[in-house]
Every structure is written in structure tokens, then in C-alpha cells.
Amino acid sequence: MSSQDIVTATTTIESAPDAKTRRYDRQLRLWAATGQSALESSRVLLVSGSATSTSILKNLVLPGIGHFTILDHAKVSHSDAGNNFFLEGSDSIGKYRAEEAVRLLSELNDGVEGRADTRNLENILESQPEWITSFTIIVAHNLDHALLNKLSALLWKDARYPPLVVVRSAGFLADFYIQFHEHTVIESHSETSPSLRIDKPFPALRELALSLEYDKMDPIDHGHIPYVVILVRALEDWKKTHGDSPPKSYEERQQFKKGILALKVKADEENFDEAEAQAYRCWTETKVPSEIAALFSDPALSSETMDSDRSPFFHLLAALKEYTKQSDTHTLPLTSTLPDMKSDTLNYIQLQRLYKERAQEEKQAFKSYLRIPVDDCMVDSFVKNAHALVVLRGKPWDTFDENKAALVESLSTMPKETCIHLALSALSLLQANDTSVSPSAESIRAKIQSIVGQSNKLPDEADDAIGEIARAPFSELPNTAAFLGGMVAQEVIKMITKQYVPVKGYCVIDLIETSTGTISA
Amino acid sequence: MATGVHVNGAATSSDWQDRYYHVDQILDRPGPRTDPSFLAGDEVKDFLRNKCKILVIGAGGLGCEILANLALTGFKDIHLIDMDTIDISNLNRQFLFRPADVGRPKAIVAAEYVMKRVPGVEVTPYYGKIQDKGDDYYLQFNLVICGLDSVEARRWINATLVNLVDPENPESLKPLIDGGTEGFKGQARVILPTVSSCYECSLDMLNKPTTFPICTIANTPRLPEHCIEWASVLEWPRVRGDEKLDTDDPEHIGWLYSIAAARAKEFKIEGVTWSLTQGVVKNVIPAIASTNAIIAASCCNEAFKIATSSAAYLNNYFMLIGTEGVYSYTFEHEKRDHCPVCGGEALEMSISRDWTVEQLIELLTEKQNIQIKKPSLATPEKPIYFQQPPQLEEATRPNLEKKVSELVPDGGEVVVTASTLPFSLSLIITYM
């Protein structure tokens, strides 16, 4: 939506929301129509019909993904029928697990298309890999070691191929990992707010502040001056008598704050109280946040990359880099959003208008650095969120376990989580040739030791992880499946909507202590 | 009792071979973090599947998940309380309900669905309030799990269960597992009444609700929210008088929206939308299936561990934020000595000698760790101010203007009660 004048914006009355909007109301408040639209265009592949997989799907079908496929050649066993809500007890035994699960999941939302595919993943990887890469995202739960390696290698081959979420669980322990090349986020929904630039006021704001005549003002108006204006003026006045510098030492800052309170003509003028509380904004230099400045060195911005190979996000980032370099203040473009503050309507709206106009000017200047045309909505969103952009770069699934140095480091900083991760890796390796193998604690420990390297001592925390796996190597507990169902679905939603920040690294879960931790981030 | 249940007309148990294969791997042998008192094998399975009685409070976003998880875990005798009916906005996460169920009671529909899907489970629904039930009702259960959306209700059940505890009778201690979610945030906790920190002990952890000063609403609106508050708080009573505002009625929301929009236009404020109107007036909390799934699973996992002793349980608070990666924090929340519910000690309160009874009442309403809405006050000898019954309220009303110091000596005790909460708070008043 491009800028409309205020009259139009406030006279356009919406009609009552339709059924779909009402149904999705509670989630639209988190990711808005843009997020919902991304979900509804997505196609998700689950390469198993396990209880964990159907739990994950439940939490994706309910919010309305476009399509899901369950690829599973297995038939429902006696034990499957007991731990999966999307099977109908003993009635489902003997039928195709994918077909039963798809049928029951589809009941949750008739806006979602579901498909059961009873082919064998191994054959598809061999003969039809392009079918797999056509999905938006793929999730694999407790996939056989060899197949997992083939699948992850396939999906890593091309940066444009979909991400893969690898999920593993046994009893009370679990971990999951998202394999992706690169993931950019504009709408991270960060709690930090962009700067109001009180220390580097734009000309119109400075003019307004300097035009105030405190002694000639009506006392009521005096109590309605927004704190932003009070501070800009106070800072200007201070700089005039302090060599053009803001308050530096502790004493100077105390003096500055006292000076603001001394401007009060009545004790209950809350705007001056607010100004005193926010006074730190005068001596905190507004500059490009370090996380954003770091993005300016991103390899995607190098001059060797062709314009046509660069995604719109990086074109915007390149423009942002150039803009901050060239602007007078060397800051990010000004925000148009003003927080609420003690003031009357007139003064507040007037100030808001100044910010909006200046933000608009700076946005136009920013746009002039774009080398390709970019959709207006995306530009608006980018500028609005410039202080909180996120770029994540991932690694192939097996990189961590292949890197003994990284494992040893992780064992010393996060021993509990690393041991759980390694115990799950050991289990997967021990069952690689025979899924019915019930490994002993000794064999699990030996396998972990071989992954980590014989000379590297395992911490005490390894005992618990090994013991838990040996206790229940084939156990897919309904509550663990449900827990993972929520955790993984949430990450999938973040990946698809490109809102909020997904997990980078292995998220390790212990449902005995009920704790989580992310390693190899 | 669960053993007498007949499902689908079958006289024999509805279990089949390997039905509990996954759960039994845990119940057949201990793990490294299992209490020595754990009795692996048939006895614990018999308790879980034939004897244990569990109560689920709430059949909404958490409740639906909890019910399904408990049924699959093997609990066969589940009771369920919920006072609401199904709304279309529930359908994005309350997966036991379909569009055709809108308007029907949640507890009844949820029970029907789970009993149909999971053979052998008996779910006894109650469509009504938790306050409708008395001590003997709650005493019949081994565990209580809450998926409530109200602080008042949580305080009520917490206090009720704490009051049930009879030190001579260990069976009267009913573990309470409580879950809550909001957007991408959630928490789950285990409360052992009188033993661990209770819900009231952590009251000050709650976020203060957003309130707007009345002069901003009436005279100097700046944000679209101010315009909406004006419509609902000031304009509705003026124009629609005695008619009670029903925030679930789309016509009411529509009316408020157009009034708020007109005011916004007058003050040149942008941003009033239908969604914002509904959000402000109903205090809507964003909600998604995934967070509810995580927290409900945590709660049910605790229920399983506590009921079977098969593994160490959560001690005692788990907090999760899923907006940036996965951040969680597990810690032991400490019991508060002065907790009005589970602590023994009176709370010392120092106030000005000039304070009136009315001012003291205002403090009790607002203080973060007390938050009692309509408190009644009394000394051990006589009443100070009672909110009910009407005759007593009238009789004690003159005391509101009196100074507390006229009625209570320095170091004297004041007992605070409220009709919504089954506990009393003891204050020791000193004057500064």
C-alpha cells in the first residue's frame, strides 16, 4: 500500500471480515496477510508418516499451508496405531500409513490439499530427484542414515533447492536441524526499535525545536510539548555552551537532566518527566547498528556478483550500504513510526507528520541507489525494518559430526546438549544396516567415542544421554512427538513466511529436564 | 472406574497387541534419571491405564492438545471442564473442532472426538465453570492439568488445590500442571501444592495489562488505540446505555469500529482497522497451533512422568520464546514465605498514617504481587469494609473515608478476602 493522504486513510471503512479472515484472525496478528499468503503458496513434503511427522503436519495444516505430501511406503503396524492421533486405532492396521494419515489430516482444514505417496524414497532419489526438489521445504523424521545422507546431499547441491529439516528422536530425547544455504529475513519482528535520531535531528525537527519560546507559551501548551522536541532543543542549547558536544561525563549528564526538569512551570508536567527519563537519547550516538554494519561485508554484496544473480534482498542491502555511506548522518533511513508520548493530539500529530515527511524523503533517496526496480511493498518493509535485518548462512547436515574440533569445543561449552546430539547420531549409525538393532549402552558409548575421536574424553553428561537411548531406542513417545510437532512446525512456518528468525544449528531437546539448547550455531 | 468401560459394544478391553509399544519401552525399565521408587512393569501400567484419574481444565488451544496427548499416552479416565462454546476463530488451532461445531460446547465436542478416535478412553466432560465444583469433586483426581486463558481461574484452582492438602493424608496432595501461551511465547510449570512454589507465589511475574489514562482517551487521543478505547469505554455507555457490550458480537464490534474510525478522522489519526478494534476491545492474544502443541506436550509429558515415576519431572518452571531461534529457560521458582495461598506468614505492609481505607484498597488492587480486585477487609475483632452482602457493604461504607490508623493499631492485623478467591491474605499494618 503506497502512501495515501490522511483523509483517505481514515475514511476508508472496511467491511466485516470474511470467514477465512475470522478463522485465521489469531495467527494473522503474528504474520499478517503477507505471511499467510506465503503459507498458502507453500508445498511441504514429509518423508514419513510417523507420529512425529503427522504432529508436525497438524500444526501446518491448521494454519493453512497450500499443499502437503506424505511420502511413506510403510503399512500401519500395531504399534503405529497406538501412538499416532492421525490413524484410527486398530481399524488402520495393515493400511498404507500415508493414506490413512493424509485422510485424517485433511479433515483439519479443507483449504489445504493433501496427497499420499506410497512410493519408496530410495527409488525416487535414484530416478526422480526433481520431484523432491520441487517442494518448498522437506521434513525428514528418523530417516535411515544412508537415505538421509543421500537426501541431504541432493538438497545441498543447489542453493535454490528447498531447505531440509532433519528431525531425530528416541524416548525423551530429540534434536532437529534446518539445512539451508542462505535465509534472509526482513520482518524479524525484533523488540528493538529504530532510533528517533534525537542526537542528529533532521532540519525540520531542529527548526521546530528551536522555534519554541518557552517563556511566551500558554501553560497548557507547555505541558504538551512532546519529549522528543524538548530533548532536541535542550541538546541544541547545551551544545551552544559546551563546544558543540553533547553531555559527556556523569556530572554533565546529571546536570543536563536537572536542566530539563528545571524547565517545568508546573510540577505535574509529565512530558518533562518523560524527557528526563529519555535524556540518554541525547548522548547515545545514532549510528548503523553493528549487526547491520556487519551485513555490509556480506559476500553477496561483492562487486563480482552480477546484478541478475543477486536476489532483491541483496539489492536492497547494497542500496542501504550506499545510502548510509552517502547520507549526512551516516545512519539508517529515518523511521516514520513514533512511539506514544505525553502530548496533546495536535502537537503529537504535527510531530508525527514531520517524521513521516522526512522518512519519505529519506526513503526516496534510498531508492535512488537501487540498481534494479524492486516492488514498493518490499522497499517499504525493508526500510521500516532496516535496523533488524537478518541474514543466515547454513551448512550441510553432516558438517558438524564430521568436524572433530567443533565437536570437542561443543562438548566443553554445552556438554549436555552435545552428548544428546551425539547419542542420537550414534543410534542412527548403529541402526544403519539393521533397524531392529537394540544397542547396548556400551556400544552407544563406543560409537560416540569413534565420532568424537578416541583421544577426546567424553564428559559425565554422556552417561545420561547414553543411558536414555539404551533404555528406549525405538520409542516414539506421543508427547515427544507432539512437542517436536510444535517446535518443527514453527520453524517451517518461519522459513516459509520469512518472518521471525529460524533456528540455526542443532536444537537439542531433553524432555526429562524439559530443557532445550542450540549447538553449532 | 475405567475397567468397566465398554466401547463399540466390546466387552473386552479395547487394547490390541503392541498398542503401547512405544510408551512401554519407558515403563518396562528405568533410565539414568529415574527415581529408585519407580516400579517398572505391570504395576505401573495397571495404575496408568486402569486406576489413574486425571482432570483437564480448559478445552481450548491447550486443552484440545492435552486431551489428545493424554489419550495416546494411555490415560483412560479423563475428566474435562470448559465453560465456553466454539467460535470460528478457534479453528486455526483447536483441532478437535470443525466449522459445523461452531456454537457447541467445547468440552462436549472435544470429549466426543477423542473418544471416537482413541478406543477405550473415557472422557467425562463438564460444560460449566470450575467454581461450580466443590472439594469432593477435585479430591477424586490424581493429577490436574490446566490449559486456561484466565489469571483469575488459575488463581482459583491453585488456591483450591492448596487448601485441599491435609498433611495427614498424602493422597490429598494433587499435583497441578499449568500451561499458558501467547503468540510464540509459552510456559509450563509443575506445582506440588504446599510443597513447591504455587501459582500465587509467582503473581508478580505477570505482565501488567496496558491501560490508557482516561484524560488521553477523553481529550487528547494520539494513537488509533485511544480512539477505540473512547468508543468502547465512553461512547458506548453514552449512546447504547444499558445494553451490555458483547465483544463476541460482530455487530457490536462493527459499531465500535465505525465510531472509532470517525473519531480518528476527526483527530487526523491513522490506523484504526477492524482487526485493531477487535484486538483492543477483546484484549485479543495472538495464538497459533505450534506454540500450543509445544506447551501442551510439555504438560502431558510431566503428567506421564509424575503419574508413573518413570523419569524425573520438571522442577519446576519452563519458559519458551520462539521468535528468534528457540530460546528456553528452565528454572526452579521459589516458594514465597508470604504467599497468601501457600505461605504461612502474614505480609508486613507499611503505610502512611494519613491513608484512608479506600487508598489501602486501591493499593491491594494494584500491587503486582497481590492484585485482589474487590477486597473485603476486617480486623480479627470487627469488619472494616465488606464488598458483600449489600447490607453489610452499606453499613461499612462510611469506613472507606476513615483513616486506617483510626481502625487498626500500629502492628495490627488486617485480614483481606475476596469472593473470587478461596483464600485470605493476612496483613500486618505498620505506620511510617
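Keep in mind that this is a model prediction, so the values were computed, not measured. (Residues numbered from 1 in each chain as written. Chains lettered and ligands numbered in written order. Predicted model: local features only at pLDDT ≥ 70, side-chain atom pairs only at ≥ 80, totals over all residues. Heavy atoms only, no water.)

What about the overall build of chain B?
If you tally the helices and strands in chain B, you get 14 helices and 13 strands. With the C-alpha coordinates aligned to their principal axes, the bounding extent of chain B is approximately 70 × 55 × 45 Å. Evaluated residue by residue, chain B yields a buried proportion of 55% over its 432 residues. By sequence separation, contacts in chain B at least 24 residues apart represent 63% of the contacts at least 6 residues apart. Surface accessibility of chain B: about 18600 Å² in total, with carbon and sulfur atoms responsible for 50%. (Helix = DSSP H or I, 4+ residues; strand = E, 2+ residues; numbered from the N terminus. Buried < 20%, exposed > 50% of the residue type's maximum accessible area, 1.4 Å probe, protein only. Contact = heavy atoms within 4.5 Å. Areas by Shrake-Rupley, 256 points an atom, 1.4 Å probe, with all protein chains shown as cover.)

Quick word on the pairing of strand S5 (residues 176–182) of chain B
Along any regular strand, the residues point their side chains to alternate faces of the sheet. All names here are of chain B. Counting buried positions along S5 gives five out of seven residues, so the element sits mostly inside the fold. For strand S4 (residues 143–146) and S5, the ladder comprises three bridges, and the chain directions are parallel. Directly across from Ile145, in S5, lies its bridge partner Ile177. For the crossover that starts at S4, traverses helix H6 (residues 151–164) and ends in the parallel S5, the hand is right-handed. Both S5 and strand S6 (residues 185–191) contribute to a ladder of seven bridges, which runs antiparallel. Across the sheet, residue Ile177 finds its bridge partner in S6, namely Val190. Two successive antiparallel strands, S5 and S6, enclose a turn made up of two residues, where Gly183 displays a positive phi of approximately 60°. (Pairing = 2+ DSSP bridges. Right-handed = clockwise from strand over helix to strand, strands pointing away.)

Focus: unusual backbone geometry
With an omega of -15°, the peptide bond running from Asn315(B) to Asn316(B) counts as cis. Residues Gln388(B) and Pro389(B) are joined by a peptide bond in cis, for which omega reads -10°. The backbone phi angle of Tyr500(A) is positive, close to 65°, even though this residue is not glycine. Summarising the element assignment, Tyr500(A) is placed in the loop between helix H23 (478–497) and strand S9 (506–510). Tyr500(A) sits in the buried class, given a relative accessible area of 5%. Of note, the phi angle at Gln371(B) is positive, near 45°, even though the residue is not glycine. Relative to the helices and strands, Gln371(B) is located in the loop between helix H12 (357–366) and strand S10 (376–378).

Digging into the confidence of the model for chain B
Residues and elements named next belong to chain B. Summarising the model, chain B shows a mean pLDDT of 92, and 97% of its residues fall at 70 or more. Here residues 1–12 is a poorly scored stretch, pLDDT under 50, and it has 11 contacts once near neighbours within four places are set aside; other chains count. What the predictor reports for the complex is a pTM of 0.93 with an ipTM of 0.94. (pLDDT = per-residue confidence, 0-100.)

Overview of the pattern of salt bridges
Counted by the stated rule, this structure contains 58 salt bridges over all chains. The partner of Glu88(A) in a salt bridge is Arg103(A), and the shortest N-O contact between them spans 2.8 Å. A residue pair is termed long-range when its members are at least 10 positions apart, and Glu88(A) in the loop between helix H5 (80–83) and helix H6 (97–106) and Arg103(A) in helix H6 qualify at 15 residues. Owing to a relative accessible area of 37%, Arg103(A) belongs among the partly exposed residues under this scheme. In this structure, Asp410(B) and Arg353(B) form a salt bridge, with 3.8 Å as the shortest nitrogen-oxygen distance. In this pair, Asp410(B) sits in the loop between helix H14 (404–407) and strand S12 (412–418) while Arg353(B) sits in the loop between strand S9 (347–351) and H12, placing the two residues 57 residues apart along the sequence. In this structure Arg353(B) comes out as partly exposed when scored by relative accessible area, which is 43%. When salt bridges with common partners are traced through the structure, they connect Lys416(A), Asp464(A), Glu468(A), Arg471(A), Asp510(A), Glu513(A) and Arg33(B) into a single cluster. (Salt bridge = Lys/Arg side-chain N within 4 Å of Asp/Glu carboxyl O.)

Comments concerning the side chain of Lys305(B)
Inspection of the secondary structure puts Lys305(B) in helix H11 (residues 289–308). By relative accessible area, Lys305(B) is classed as buried at 1%. Only 3.1 Å separates the side chain of Lys305(B) from the backbone oxygen of Ala312(B), close enough to count as a polar contact. Leave out the neighbours within four places in its chain, and Lys305(B) touches Phe172(A), Leu511(A), Ile512(A), Thr514(A), Ser310(B), Ala311(B), Ala312(B), Tyr313(B) and Leu314(B). (Polar contact = N/O pair within 3.5 Å; in protein donor to acceptor, adjacent residues only side chain to side chain.)

Observations concerning the environment of Asn59(A)
Among the secondary structure elements, Asn59(A) is positioned in helix H4 (residues 51–61). In this structure the C-alpha to C-alpha distance between Asn59(A) and Asn123(A), which are 64 residues apart in sequence, comes to 29 Å. Apart from the residues within four sequence positions on either side, Asn59(A) is in contact with Gly485(A), Gly486(A), Ala489(A), Ile493(A), Glu65(B), Ala289(B), Ser290(B) and Ala293(B). Side-chain polar atoms of Asn59(A) contact the backbone oxygen of Ser55(A), separated by 3.2 Å.

Describing the packing of aromatic side chains
Tallied over the full model, the rule gives 27 aromatic pairs over all chains. Judged by centre distance (5.3 Å) and plane angle (90°), the ring pair of Trp236(B) and Trp255(B) falls under edge-to-face. Of this pair, Trp236(B) sits in helix H8 (residues 224–240) while Trp255(B) sits in helix H9 (residues 250–267), and the two are 19 residues apart along the sequence. Considered together, Trp236(B) and Trp255(B) belong to a single accessibility category, that of buried residues. Counting every residue linked through ring pairs, the aromatic cluster contains Phe313(A), Phe314(A), Tyr323(A), Phe366(A), Tyr369(A) and Phe382(A). Lys58(A) extends its terminal NZ or CZ atom over the ring of Phe95(B), reaching a point 4.8 Å from the ring centre. Stacked on the ring of Tyr137(B), the Lys or Arg Lys133(B) has its end atom at 4.7 Å from the ring centre. (Phe/Tyr/Trp six-rings, centres within 6.5 Å; stacked < 30°, edge-to-face > 60°. Lys NZ or Arg CZ within 6 Å of the ring centre and 35° of its normal.)

Concerning the nonpolar core
Phe85(A), Phe176(A), Leu70(B), Phe75(B) and Leu96(B) are the most contacted members of the largest nonpolar core, which has 113 residues in total. Sorting elements by how many residues they give to this core places H11(B) first, with 11 residues. Contacts of Phe85(A), omitting those with residues within four sequence positions, involve Ala68(B), Leu72(B), Phe95(B), Leu96(B), Tyr113(B), Val114(B), Arg117(B) and Val118(B). (Core = buried A, V, L, I, M, F, W, Y, C linked by side-chain atoms within 4.5 Å.)

Considerations on the interface of chain B and chain A
By a widespread convention, an interface's size corresponds to the accessible area lost as its parts come together. Facing the 90 residues of chain B at the interface are 89 residues of chain A. For the pair chain B and chain A, the summed buried area comes to about 7600 Å², and 59% of that belongs to carbon and sulfur atoms. Taken as a group, Arg33(B), Arg117(B) and Arg222(B) account for 11% of the area that chain B buries against chain A, more than any other trio of residues on that side. For the pair chain B and chain A, the number of links is eight salt bridges. Residue assignment for the side of chain B that touches chain A shows that the elements contributing at least two residues are helix H1 (21–27), helix H3 (61–73), helix H4 (106–117), H9, helix H10 (274–282), H11, strand S7 (317–321) and strand S8 (327–331) of chain B. The biggest single contributor to the side of chain B that touches chain A is H11(B), with 12 residues. (Buried area = accessible area lost by both parts, 1.4 Å probe.)

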